[in-house]
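# Overview (structure and organization)
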Amino acid sequence: MEGYARTIQGLEEMGLIEIKRILDTTPKIIYPGMLVFKVKNLEELAKLCYTSKGLLKVGLLFGQGKFKDIEDLIKQISSKKIDWKFETFAVRCTRTGKHNFSSKEVEMEVGNSIKGKVNLNNPHTLFAVEIFEDNFIFGIDFAGFPLDKRFYRVKMSFSSLNSCVACAMLDL
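Please read all numbers here as calculations on a predicted model, not as lab measurements.

A tally of regular secondary structure across the protein gives 5 helices and 8 strands. Reading the protein from its N end, one meets helices and strands in the order β-α-β-β-α-β-α-β-α-β-β-β-α. Within the protein, buried positions represent 46% of all 172 residues. Excluding contacts between residues fewer than 6 apart, the proportion of contacts in the protein whose partners are at least 24 apart in sequence is 73%. When the accessible surface of the protein is summed, it comes to about 9900 Å², and 56% of that surface belongs to carbon and sulfur atoms.

Before going further, it helps to spend a moment on the pattern of salt bridges. Under the counting rule described, the total for this entry stands at 8 salt bridges. A salt bridge links Glu 18 to Arg 21; the shortest N-O distance between them is 3.7 Å. On the criterion of helical spacing, the pair formed by Glu 18 and Arg 21 is a turn pair, its members being 3 residues apart in helix H1 (residues 12-23). For Glu 107, the salt bridge is made with Lys 104, and the minimal N-O distance between the two is 3.4 Å. Highlighted residues: Glu 107 and Lys 104, both in helix H4 (residues 103-113), separated by 3 residues, approximately one helical turn. By relative accessible area, which is 13% here, Glu 107 ends up buried.

Within an α-helix, residues lying three or four positions from one another point in the same direction, as the helix has 3.6 residues per turn. Every buried residue of helix H3 (residues 70-78) is listed here: Ile 70, Asp 72, Leu 73, Ile 74 and Ile 77. Against the buried residues of H3 lie strand E4 (57-66), H4, strand E7 (125-132) and strand E8 (135-141).

When strand E5 (residues 83-96) meets strand E6 (residues 115-118), the two strands line up parallel, connected through 3 bridges. Pairing of Phe 89 across the sheet is with Val 118, part of E6. Between E5 and its parallel partner E6, the chain crosses via H4, and the hand of that crossover is right-handed.

Take unusual backbone geometry next. Here the phi dihedral of Lys 81 falls at roughly 45°; this positive angle occurs in a residue that is not glycine. Using a relative accessible area of 71% as the deciding quantity, one classes Lys 81 as exposed. For Glu 133, which is not a glycine, the phi torsion comes out positive at approximately 55°. Summarising the element assignment, Glu 133 is placed in the loop between E7 and E8. Residue Glu 133 is classed as partly exposed on the basis of its relative accessible area, which comes to 47%.

Cut-offs and rules
Residues numbered from 1 in each chain as written. Predicted model: local features only at pLDDT ≥ 70, side-chain atom pairs only at ≥ 80, totals over all residues. Heavy atoms only, no water. Helix = DSSP H or I, 4+ residues; strand = E, 2+ residues; numbered from the N terminus. Buried < 20%, exposed > 50% of the residue type's maximum accessible area, 1.4 Å probe, protein only. Contact = heavy atoms within 4.5 Å. Areas by Shrake-Rupley, 256 points an atom, 1.4 Å probe, with all protein chains shown as cover. Salt bridge = Lys/Arg side-chain N within 4 Å of Asp/Glu carboxyl O. Pairing = 2+ DSSP bridges. Right-handed = clockwise from strand over helix to strand, strands pointing away.

The following block contains the structure:
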């Protein structure tokens, strides 16, 4: 079983150290801001979600790879044949780079390829598609919200220091 973690680009080394410290596993950088690592069970992912200070997103990895266009991306993700009859779900996509498609198109197409009940407003499970140029990651977002936006991390203004950057500065 593999997990993934997104961090601020440029702070990948701090993310590697944090994952190694919390899970005692060796993560690797697959592209700027994205790390993958082995996990023994889902509880380890939950522990990383709960205790990490420098990660933006943590999830269960279903697939990763390179793609040429949206059709190729959807074909690779659809090949996972996910039957999600447990609870409601939604798909969220974040993209970095120039593409001839939108995040909403990816969300809709991937959502159509998953069997189950969709709930866009309050899903029980959040599937994530992370796109960086011609690379993608597909999995389940374990927290369902950005980890730097926790309820106890209040930003007093727009110009307040991001909590992940503050954590990295303290670790230096």
